[in-house]
Amino acid sequence: MATVIQDKAHTNQESQPATAESSTPITFNLEQIQALLPHRYPFALVDRIIDYVPGKQAVGLKNVTFNEPHFQGHFPGRPIMPGVLIVEAMAQVGGIVLTQMPGVNGLCMFAGIDKVRFRRPVVPGDQLVITTELLSVRGLKFGKMQAKAEVDDQLVCEGTLMFSVVE
């Protein structure tokens with residue numbers, strides 16, 4: 001994950017923060033995600049954030065289509081989304097949480113991944129629902145997230161993602 005922390009004011013202007021009186025989730029469309037993350041085609045792996053809780057978690061969507069370049073060779077005749085790209089998609093959803101944290105400035109990069117398990121293949125036509133939850137942040141320079149990806153309410157991948165923030 002390489003996430004450039006940019007202007008924290010690029011939140012969804014149409015959605016209001018969820019409060020005790022309101023259950024409307026905070027969302028981000030593709031343009032808002034692109035304002036927060038540096039990833040571009042073919043490495044932009046988040047299509048939408050459907051629920052964002054500031055400083056805590058985000059839920060994002062990745063629509064998997066046959067037109068993606070990795071399916072040409074992974075695998076001919078049986079297209080399967082590479083596991084490393086599923087993990088990267090989880091990290092990008094986590095990057096949304098990180099980019100919005102006050103005091104975090106710089107490039108967020110993978111520092112490690114632990115206990116990652118793949119439970120079933122992801123194929124064209126699937127929609128990944130990715131949930132990342134911030135577990136800890138140390139000195140606004142290091143942190144840990146729990147992430148999972150699901151398709152049709154079935155667990156596809158889960159693991160712990162570590163990051164560091166580099167100036």
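Description of the structure in this document. (Residues numbered from 1 in each chain as written. Predicted model: local features only at pLDDT ≥ 70, side-chain atom pairs only at ≥ 80, totals over all residues. Heavy atoms only, no water.)

Quick look at the overall build of the chain now. Of the regular secondary structure elements, the chain holds two helices and eight strands. Each helix and strand of the chain, placed in order from N terminus to C terminus, yields the pattern β-β-α-β-β-α-β-β-β-β. Expressed as a percentage of its 167 residues, the buried residues of the chain come to 45%. Taking the intrachain contacts of the chain between residues at least 6 apart in sequence as the baseline, contacts between residues at least 24 apart amount to 64%. Carbon together with sulfur atoms contributes 54% to the accessible area of the chain, which is approximately 8600 Å² in total. (Helix = DSSP H or I, 4+ residues; strand = E, 2+ residues; numbered from the N terminus. Buried < 20%, exposed > 50% of the residue type's maximum accessible area, 1.4 Å probe, protein only. Contact = heavy atoms within 4.5 Å. Areas by Shrake-Rupley, 256 points an atom, 1.4 Å probe, with all protein chains shown as cover.)

So, about the packing of aromatic side chains. A complete count under the given rule lists one aromatic pair for this structure. Relative to Y52, the ring of F28 lies with its centre 5.3 Å away and its plane at 70 degrees, an arrangement referred to as edge-to-face. Of the two residues, F28 sits in strand 2 (residues 26-28) while Y52 sits in strand 3 (residues 48-53), which places them 24 residues apart along the sequence. (Phe/Tyr/Trp six-rings, centres within 6.5 Å; stacked < 30°, edge-to-face > 60°.)

Of all seven residues in strand 4 (residues 57-63), five are buried; the element is thus mostly enclosed. Pairing of strand 3 with strand 4 involves five bridges; the strand directions are antiparallel. From the neighbouring strand, V53 faces strand 4, where its bridge partner is Q57. Pairing geometry for strand 4 and strand 6 (residues 127-138), over seven bridges, is antiparallel. Pairing of A58 across the sheet is with T132, part of strand 6. (Pairing = 2+ DSSP bridges.)

Here we come to the nonpolar core. In a soluble, globular protein the nonpolar side chains are often hidden away together inside. Counting residues in hydrophobic clusters, the biggest one holds 40 residues, and the most contacted among them are I49 and L128. Mapped by element, the contributors of at least two residues to this core are strand 2, helix 1 (30-36), strand 3, helix 2 (83-99), strand 5 (107-118), strand 6, strand 7 (142-151) and strand 8 (154-166). Tallying contributions element by element places helix 2 first for this core, with 10 residues. (Core = buried A, V, L, I, M, F, W, Y, C linked by side-chain atoms within 4.5 Å.)

Evaluation of the coordinates by the stated rule reveals five salt bridges. Measuring nitrogen to oxygen at the nearest pair gives 3.0 Å for the salt bridge that ties E68 to K62. With relative accessibility at 10%, the residue E68 sits in the buried group. Close ionic contact of E167 with K141 constitutes a salt bridge, the shortest N to O distance being 2.4 Å. Note that E167 is positioned in the segment after strand 8 and K141 in the loop between strand 6 and strand 7, a separation of 26 residues in sequence. (Salt bridge = Lys/Arg side-chain N within 4 Å of Asp/Glu carboxyl O.)

The subject of this paragraph is the side chain of K62. By the secondary structure assignment, K62 is in strand 4. Its relative accessible area of 5% is what places K62 among the buried residues. One polar contact links K62 to E68, side chain to side chain, over a distance of 3.0 Å. (Polar contact = N/O pair within 3.5 Å; in protein donor to acceptor, adjacent residues only side chain to side chain.)

All right, on to the environment of V151 then. When you line up the elements, V151 lands in strand 7. Since its relative accessible area comes to 1%, V151 is described here as buried. Sequence spacing of V151 and D126 is 25 residues, and the spatial spacing of their C-alpha atoms is 6.4 Å. In contact with V151, other than residues within four places in its own chain, are R120, D126, Q127, L128 and V156.

Read these as geometric descriptors, not functional statements.
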